[in-house]
Amino acid sequence: MKFPLWRQYAMRPLMLRLTPATIATFLGTVGLLASAVGAVGYAVGTKNTEPVKHLVVSQQSTVSTTQPEQQLQAVNQRVAEMQAQLLRLDALTQQMAQSAHVPVQEFTIDPKGAKGGPLLEEMSVLGEDNIDLRLQELSTLIAQKEAQIKALDRILSQKKWQSNLNYLANLPVRQGAITSTYGYRTDPFTGRTAFHAGMDFSGAEGEDIYAVAAGIVSFAGQKSGYGNVIEVTHGDGYITRYAHAQRLAAKEGDMVAKDQVIAYMGSTGRSTGTHLHYEVLVNGKQIDPMTYVSMALKRD
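Only a predicted model underlies this, so the values are computations on that prediction, with no experimental measurement involved. Counting from 1, residues in each chain are numbered in the order their sequence is written. Reporting of local features is limited, given that this is a predicted model, to residues whose pLDDT is at least 70; pairs of side-chain atoms are given and counted only at 80 or more, and all residues count toward the totals for whole chains, interfaces and linings. Hydrogens and waters are ignored; side-chain quantities use all the structure's heavy atoms.

All right, on to the pairing of strand E10 (residues 261-265) then. Of all 5 residues in E10, 4 are buried; the element is thus mostly enclosed. Pairs of strands are assigned from DSSP output, requiring at least two bridges between the strands. Going along the chain from the N terminus, every DSSP run of H or I of four or more residues is numbered as a helix, and every run of E of two or more is numbered as a strand. Here 3 bridges tie strand E5 (residues 208-210) to E10, and the two strands are oriented antiparallel to one another. Across the sheet, Ile-209 pairs through a bridge with Ala-263, a residue of E10. The cut-offs for exposure are 20% and 50% of the maximum accessible area for each residue type, with area from a 1.4 Å probe on protein chains only; residues under the lower value are buried, those over the upper are exposed, and the others partly exposed.

Below is the structure:
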C-alpha cells in the first residue's frame, strides 16, 4: 500500500544527531528556564505579585479603551453628518426664501446670536451628557429647518397658484356670450344629463379666437367630437383647448403669444351651431375655466 507523501514523512522515525556543542546549548537553555521558574515561584511565595498584577492591568486597559474609542469615533461621525445635513437644509431654506420673496433672515438660525437663560446644571466638556446635548441640539435645529422648508413650500405653492391664475386670466374671444358652463347640463343632442368639460362662447362664423396666454401649440388638427381643435401648452402642466373652429391659424410646434389669433370660430365636430368650446386642463384633467374667465371679466 502506498501512502500519501505527507503521511510518508510522518511515518519516518525521528533521527537526532547530538554534537557536544548542541548538548551544551541545550543544558544552558534548561538552566535559564529553571532560573526563571524559580524567580516566579519566589515571587509567589513572598506574595510579591505587584509586577504580575501591573502586567495584567496594563493588558486589560489596552482592551477596554478600544471599544470607547470606536464609540467616540462613531459619535463624532454622526455629529459631522448631522452638521452637514443642517448646512444643506440651511442653503435650501435660503434659496426657497429668496424664491418666495420673503426675508431670508426670518428663516435663518444664527448659532452666534444672542443667547440667555438660567443655569440649571453645568456639564463637563468631555462628558457623555455634553455629547448627548450636542446631538439633541442638532436634531432640534434639523427639525426646525424641515418645518421652515414645509412652510416655504406652502408659500411657494400659493404664489405659483396665484401666478397661474393671473397668467391665464384672459378671454379667448372679444365678443359673444357664454352659452354653456362647466359641469352637468342637458346634452343638446340626447336631451339627457351629461357632463360638459368646458365653456361655450357664442359668436359669428370666422370670428377670431385668441390664445389666452403665451405657449407652444402642442396639437393642431381634428379630434373626435371637437372638430378642428388647437391646444396650447403653457407649462407647469397647464393646457388650453379651443374646439369647433372653422379653421386653424397656427400649426403644431408654433410659439404663440398672449392674445395672438390662433383659430377662427366655426361649427365643426359635435356642434349645434357656430361657437367656441374652451377648456383648461391641469396635468391632463379638465378644470372649470370660469375661475380664470371671471377674473378677466372683473378686470375688464
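Once the structure has been displayed, the description carries forward.
Buried Ala, Val, Leu, Ile, Met, Phe, Trp, Tyr and Cys residues form a nonpolar core when they are joined through side-chain atoms within 4.5 Å. The biggest cluster of nonpolar side chains holds 27 residues, and the ones touching the most others in it are Tyr-242, Ile-262, Leu-276 and Tyr-278. At the level of elements, strand E4 (199-202), strand E7 (227-235), strand E8 (238-248), E10, strand E11 (275-282) and helix H5 (290-299) are the ones that each hand at least two residues to this core. It is E11 that provides the largest number of residues to this core, a total of 4 residues. Excluding its chain neighbours within four sequence positions, the residues that come into contact with Leu-276 are Pro-172, Val-173, Met-199, Asp-200, Phe-201, Ile-209, Tyr-242, Ala-243 and Met-265. The next biggest cluster of nonpolar side chains, apart from the first, holds 10 residues, and it includes Val-79, Met-82, Leu-86 and Ile-149. Any pair of residues with heavy atoms lying within 4.5 Å of one another is described as a contacting pair.

Any residue range with low pLDDT should be treated as having predicted coordinates unsuitable for detailed reading. pLDDT gives the predictor's per-residue confidence on a scale running from 0 to 100. On average, the protein scores 75 in pLDDT, and the residues at 70 or more come to 64%. In the model, residues 22-27 has pLDDT below 50 throughout and makes 1 contact with residues more than four positions away in sequence or in other chains.

Further remarks concern the environment of Asn-283. Relative to the helices and strands, Asn-283 resides in the loop between E11 and strand E12 (285-287). Taking the C-alpha atoms as reference points, Asn-283 and Gly-237, 46 residues apart in sequence, are found 4.6 Å from one another. If near-sequence neighbours (up to four positions away) are discounted, Asn-283 is found in contact with Asp-236 and Gly-237.

As a further point, take H5. All of the buried residues in H5 are Tyr-292, Val-293 and Ala-296. Down the axis of H5, the sector holding all buried residues measures 100 degrees, keeping them to one side. Our arc is simply the arc of the directions from the helix axis toward the C-beta atoms.

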